[in-house]
Amino acid sequence: SILVDFIRVLSLAKAPKTVKVQLLQTLSMLLQNIKREQSLFYLLSNNQVNKLIAMPLDFLDEEILAYYITLLKSLAMKLDNDTIKFFFIVHPEPYFPLYIEATKFFNHRDQMVRATVRTITLRVYPIMFEPMRAFVQRHAELSYFSQLALHLKDIWLRLNAAAVAGEDVAAVQHENDLQQDLLLYLSDVFELGMVELNKVLADRLLDCVMVPLLLLSLDANGSGQQQLAKAAPSERSGQRLEPRVALFLLRQVLDTFRCPVLVEPLAAALLHHKVPEYLLCAMPHDAPLQFHGAFARALAGADDAHALFAAGVVSAVVQNREAFSPEFLENARLFPPAAAGTRSRRPPPLIGEQNLDILFFLLAALRRLTQWRMETFQVLVLLISELFLDPLLSRNAECRGAARQMVRDAASAAAAQLGGLLQEQLQASAPGGLPSGGRQAEELLDIFMEEWHDRDAPAPRVSELCTNAWRLLLPARVGAAQPRDIARRSARSFLLLQKLLMELLLCDQDAVAAVGSSGCDQQARKRRPSDSTSDQETALLQVSPELLGSFHEGMSLELGSLERLPCRIGRTSDGGERLLVQHGAWLMLARPQNVTPGRAVVTTLWPLQQVQPLMDRGDPRILHLGMQAFRAGKPPGDATEYSPPVPADATPGQRRSVFFMMSLSFEDVRSCHSADVQLQRGRREVRSQLLRQALAFIEGWQARAGSA
């Protein structure tokens, strides 16, 4: 066999590195290009392939290791039920060089090497050759799976250390990426469906890392914390995670895996009122007998990160429900028992601390909207919508009623806060009804309009909001917020709750109309609340149609008696001559038509409330115009896109409008000043009207909610 000569050269101590690299590369290319089965069998015969695999090489040399690992992958891609006899040694002792040599590099620092090792193992496990499967099973029990579990533990501890230090976002993200890659690989192993192998892997993961590192970090009765206080600092850092990190990782575990032998014990420890007996063997003798209380307190407490990731855990269980048995779901008390739909009205209530307590804590958290970050509150709303539009809950009248009432109460509280802010701005108005609250008044209306225009945008997934590792670095409690953050939180909270309440009301109507059905029909669940919004809501932030008129860019305009000021704009192919036409609702620029005197073509048309004029300090004949758009789209007429600087105290990740700008040049300072005054006055009048409309809408909603 040609492999004999290759092995002889590779074994020569004085053989140059370049020769060895070339041989490894040539072998990989040869294997990848063999098409005939007979040629492959000839190359692999006489056990030479196993001698090649076991050849001692300088694996400290990264180039040699890279080509060696590539060779192993090329060999693994040829593995099947027919070729396994060339790779697995049965006599005198069972041995599998390809698998054993590859798994030695399972935790190598190079990502390509780790990925190749995982690919090789995933090729090996499904092979239906009983002697080989018995060998791999034994090796997994004694070595490989334990090593994987301990490797995962090391990554989680490093992630925890980086999160606690809170100084290096890149380090936190790097460790999170590593553990996500490893979780996906472990999930791929489970998905192969090898029952006995899955039991071993689940057992090693639970015993070595998930129970002692994830569950015990929640510590319901504090015994573990007492032990940690007595331990040396070096020991302390290796025994527990921060609770927020443990919840963050638990959510990812329950979201990634679908194998019941792994996820059901973990979820049972959190959601049942007693730890499963088969988990107790992995715990110290004084470990808590239940973690449900600690998990519930994460939802009921004031720690933002705890609430966010605990809600994410609940969402992962609900989304992954096919992995759990019906008995588990009933004992988890996330859904009412089947008989609860016809039970008589009697205390204690179905949604309460004594029954469906997790649902109760989720709904109760909505009332504490001021203590959550906006992303956390959004996760709570999305999760409640996900749960209560589910047929298992929506078909239960008592659950629907309790959810509807608690959401209405939370929405009323948010409406009161938002209405108070709007009222403060109106009370601060100057004589004549024009707001004089300065920058804060400007931002309040802008923020409300941003949130209003974004209310029907596709909702993000809970997993997207809970997977960002940088959230581990945020403070546990929300500190004193800037006025703009308070305004945005109030507006978004109210609009989210209003939408959620509308969804629950629509679902309630569908359930009542279809007694005995499986709950909200699919069309009702997909229907947007905006499908049923009133005309008042549709026109909430619109100027009256009579004032708006029927103008559009490109139309020919009869100037007649319209007041206008001549000006110029730069960088245009038509000379830049424009007329600034005075209008009560629009910024309107028109290009005079020389062929048709008295007429002009509208080149720029933009809502006046979204225009901010500013005279140039260096040349008072130039007027700069900033224009705001709440959604990305075509720029207005003659304007160009502009990215304003982000305020130093801005909240990270907050949604931002799109901005455009243009500059107008006038013949003299007087004309420029007149245009500035005209635009400022029109802007204030329109914004004052919209502010009153917004307050009237909030007050009207409160009145309707109070009478419901």
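Numbering of residues starts from 1 in every chain and runs along the sequence as written. pLDDT decides what is reported in this predicted model: residues at 70 or higher carry local features, side-chain atom pairs at 80 or more are listed and counted, and totals for whole chains, interfaces and linings draw on all residues regardless. Working from all heavy atoms in the structure, the side-chain values ignore hydrogens and water.

## Remarks on the pairing of strand S3 (residues 577-581)
Keep this limit in mind: Throughout, exposure labels follow a simple rule: accessible area from a 1.4 Å probe, protein chains only, divided by the maximum for the residue type, with under 20% read as buried, over 50% as exposed, and the rest as partly exposed. Strands are runs of DSSP state E lasting at least two residues, helices are runs of H or I lasting at least four, and both sets are numbered from the N terminus onward. What makes two strands pair is DSSP finding at least two bridges between them.
Among the 5 residues of S3, 4 are classified as buried, and the element is accordingly described as predominantly covered. Both strand S2 (residues 564-568) and S3 contribute to a ladder of 5 bridges, which runs antiparallel. By the bridge assignment for S3, Arg564 is matched with Val581. Of the strand pairs in this sheet, S3 and strand S4 (residues 586-592) are connected by 3 bridges, and their pairing is antiparallel. Each residue of the ladder has a partner; that of Leu579, found in S4, is Ala590.

## A word on the pairing of strand S7 (residues 622-629)
Across 5 bridges, strand S6 (residues 611-615) lies against S7 in antiparallel orientation. Note on S7: the bridge partner recorded for Met615 is Leu623. Connecting the antiparallel pair S6 and S7 is a turn made up of 6 residues. Relative to strand S9 (residues 658-665), S7 runs antiparallel, the two sharing 8 bridges. Bridge pairing in S9 places Ile622 opposite Ser665.

## Side note on the side chain of Ser385
Convention followed: We define a polar contact as two N or O atoms separated by no more than 3.5 Å, with the added condition that, inside protein, one atom must be a possible hydrogen donor and the other a possible acceptor, whereas residues neighbouring each other in sequence contribute only through side-chain atom pairs. Contacts between residues were defined by any pair of non-hydrogen atoms, one from each residue, lying within 4.5 Å.
You can see Ser385 is positioned in helix H21 (residues 374-388). Residue Ser385 is classed as buried on the basis of its relative accessible area, which comes to 13%. One polar contact links Ser385 to Glu503, side chain to side chain, over a distance of 2.9 Å. Excluding its chain neighbours within four sequence positions, the residues that come into contact with Ser385 are Leu500 and Glu503.

## Observations regarding the packing of helix H2 (residues 17-33) against helix H5 (residues 62-76)
When two helices pack together, their arrangement is given by the angle between the helix axes and the distance between those axes. Heads up, the condition is: Angles run from 0 to 180 degrees between N-to-C directions of axes, and those axes are lines fitted to C-alpha atoms, restricted for helices to the stretch in contact. Between 65 and 115 degrees an angle is taken as roughly perpendicular, under 35 as roughly parallel, over 145 as roughly antiparallel, and anywhere else as oblique. Crossings are assigned a handedness: left-handed for a near helix turned anticlockwise from the far helix by less than a right angle, right-handed for a clockwise turn. For this scheme, ten residues count as nonpolar: Ala, Val, Leu, Ile, Met, Phe, Trp, Tyr, Cys and Pro. Four count as charged, namely Asp, Glu, Lys and Arg, and the remainder, Gly too, count as polar.
Orientation of H2 relative to H5, taken along the N-to-C sense of each, is 20°, at an axis distance of 9 Å. By the criterion of interaxial angle, the relationship of H2 to H5 is roughly parallel. For the pair H2 and H5, the crossing hand works out as left-handed. Here H2 contributes Lys17, Val21, Leu24, Gln25, Leu27, Ser28, Leu31 and Gln32 to the contact with H5, which in turn contributes Glu63, Ile64, Tyr67, Tyr68, Thr70, Leu71, Ser74 and Leu75. Class assignment of the residues belonging to the contact of H2 with H5 gives a composition of 9 nonpolar, 5 polar and 2 charged.

## Some details on the side chain of Ser688
Position of Ser688 among the secondary structure elements: in helix H30 (residues 669-707). On the accessibility criterion, Ser688 (2% relative accessible area) is buried. At a separation of 2.5 Å, a polar atom in the side chain of Ser688 contacts the side chain of Arg692.

## Considerations on the pattern of salt bridges
For the record, the criterion: By convention in these notes, a salt bridge is any Lys or Arg side-chain nitrogen within 4 Å of a carboxyl oxygen on Asp or Glu.
In total, this model carries 18 salt bridges according to the counting rule given. For Arg687, the salt bridge identified is with Asp446, shortest N-O distance 3.0 Å. Remark: Asp446 occurs in helix H24 (residues 438-453) and Arg687 occurs in helix H30; sequence separation between them is 241 residues. In terms of burial, Arg687 and Asp446 fall into one category: buried. One salt bridge in this structure joins Glu451 and Arg492, with 3.2 Å as the shortest N-O distance. Taken together, the positions of Glu451 in helix H24 and Arg492 in helix H26 (residues 483-513) put the pair 41 residues apart, joining distant regions of the chain.

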